[in-house]
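Structure at a glance
Here is what each chain is made of, one letter per residue.
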Amino acid sequence: MSEFRNLNQDELLELVQQARKMSAPASIRAVGSVRLLGDLHISGLEPGVAVHLSGAKRRDQVPPKGTPVTVSILLGDEVLSIQSRLLEAILAEESDTLFPPVLRVDWPSSQVEVRIRGDVRVATPDLPPLSATLEIKDRTYAAKLLNLTETGMGLGLTEQVMVDLHTQVEVETELPGGLRIRTTGNVRHLEWLDNDPVPTRLGLVLGCMTDTTREALRRFIQARRTDRSDKLRGGH
């Protein structure tokens, strides 16, 4: 779920200055593309003209000048998305490897899309799903963990499962590194997809888990964010 906020120029300047002061993580994505250039941060301002983004490397595939882009900034518990376009980058001489490129994007418009960080899904079709077991009352099903946030998950099953919405279930999976996590979930979505290898789809809101499990989940989600950024950065 997202909302749109209309900011005046003073509010927009304050927001960008705050993100710069906090070295807030940022990314850019060309409009209409799935390729994400992440691990960026706001490093400079030309108020009313441009925002500078550092963190890119010479080998990165940066869209050309004039490309419409979405700039996303992680600020506290919110992910802020702003529409802009790429301007001429600041580049050092080809032989100067000490100074990576600084990207410049057009000063953003007043409308900002805001999403809660925990609602941003990080497991996507370009990342492999995890195997999981789903327990509904006295039955256990093999499942694939298709997407995951800090507050919810999406599961795919080969079997057709009949379950009422808001039913409490339990899910167990093993994260990379061998750590098994177990959590309760509340069924909020159920559908059947024809001609799909995992046609039953369940959407869960996460419930009870131990503090250790919750921290492991957060670490895994951050690692997946970084992994996805690295894969898209390299054009894979």
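**Here we look at the overall build of the protein**
Of regular secondary structure, the protein possesses two helices and 14 strands. Across the protein, contacts joining residues at least 24 apart in sequence account for 60% of those joining residues at least 6 apart.

**Some details on the sheet that holds strand β9 (residues 130-136)**
Taken together, six strands build a closed barrel; the order of strands is β9-β10-β11-β14-β13-β12 and the barrel is antiparallel. Direction aside, the axes of adjacent strands within the sheet are offset by 45° on average. With seven bridges connecting them, strand β13 (residues 179-192) and strand β14 (residues 200-206) associate as antiparallel partners. The residue of β14 that forms the bridge with L190 is L202.

**A short note on empty space enclosed by the protein**
With the rule as written, the count across this model stands at two cavities of 30 Å³ or more. Roughly 70 Å³ of internal volume is contained in the largest cavity. What lines the largest cavity is simply V16, I42, V51, V71, I73, I82, S84, V105, D106 and P108. Looking at the lining of the largest cavity, the elements that each hand over two or more residues are β5 (68-75), β6 (78-85) and β7 (103-106). Counted by class, the lining of the largest cavity contains eight nonpolar, one polar and one charged residues.

**Describing unusual backbone geometry**
Backbone geometry places K137, a non-glycine residue, at a positive phi of 55°. Along the polypeptide, K137 turns up in the loop between β9 and β10 (139-148). Look at N195: it is not a glycine, yet its phi comes out positive at around 55°. The residue N195 is located in the loop between β13 and β14 in this model.

**Describing the nonpolar core**
Residues I28, L40, I42, L53 and I73 are the most contacted members of the largest nonpolar core, which totals 27 residues. Listed in part, the 26 residues of the second largest apolar core include L130, L134, I136 and L206.

**As for the pairing of strand β4 (residues 50-54)**
Remember that side chains alternate between the two faces of the sheet whenever the strand is regular. Of all five residues that make up β4, five are buried, and the element is covered over most of its length. Here β4 shows two buried faces, one formed by A50, H52 and S54 and the other by V51 and L53. Looking at chain direction, β4 and β7 are connected through four bridges and run antiparallel. Across the sheet, V51 pairs through a bridge with V105, a residue of β7.

**Description of the confidence of the model for the protein**
Averaged over every residue, the pLDDT of the protein is 82; the share at 70 or more is 82%. Within the protein, the lowest mean pLDDT, 64, falls on helix α2 (residues 211-233), and the highest, 95, falls on β7. Confidence over residues 229-236 falls short of pLDDT 50; this stretch has 22 contacts with residues more than four positions distant or in other chains.

The rules we used
- Residues numbered from 1 in each chain as written.
- Predicted model: local features only at pLDDT ≥ 70, side-chain atom pairs only at ≥ 80, totals over all residues.
- Heavy atoms only, no water.
- Helix = DSSP H or I, 4+ residues; strand = E, 2+ residues; numbered from the N terminus.
- Contact = heavy atoms within 4.5 Å.
- Pairing = 2+ DSSP bridges.
- Axes fitted to C-alpha atoms, helices over the stretch in contact; angles between N-to-C directions.
- 1 Å grid on protein atoms, 1.4 Å probe; cavity = no way out; pocket = protein on both sides within 12 Å on 5 of 7 lines; lining within 4 Å.
- Points joined across faces, edges and corners; volume = space filled by probe spheres on them.
- Nonpolar A, V, L, I, M, F, W, Y, C, P; charged D, E, K, R; others polar.
- Core = buried A, V, L, I, M, F, W, Y, C linked by side-chain atoms within 4.5 Å.
- Buried < 20%, exposed > 50% of the residue type's maximum accessible area, 1.4 Å probe, protein only.
- pLDDT = per-residue confidence, 0-100.

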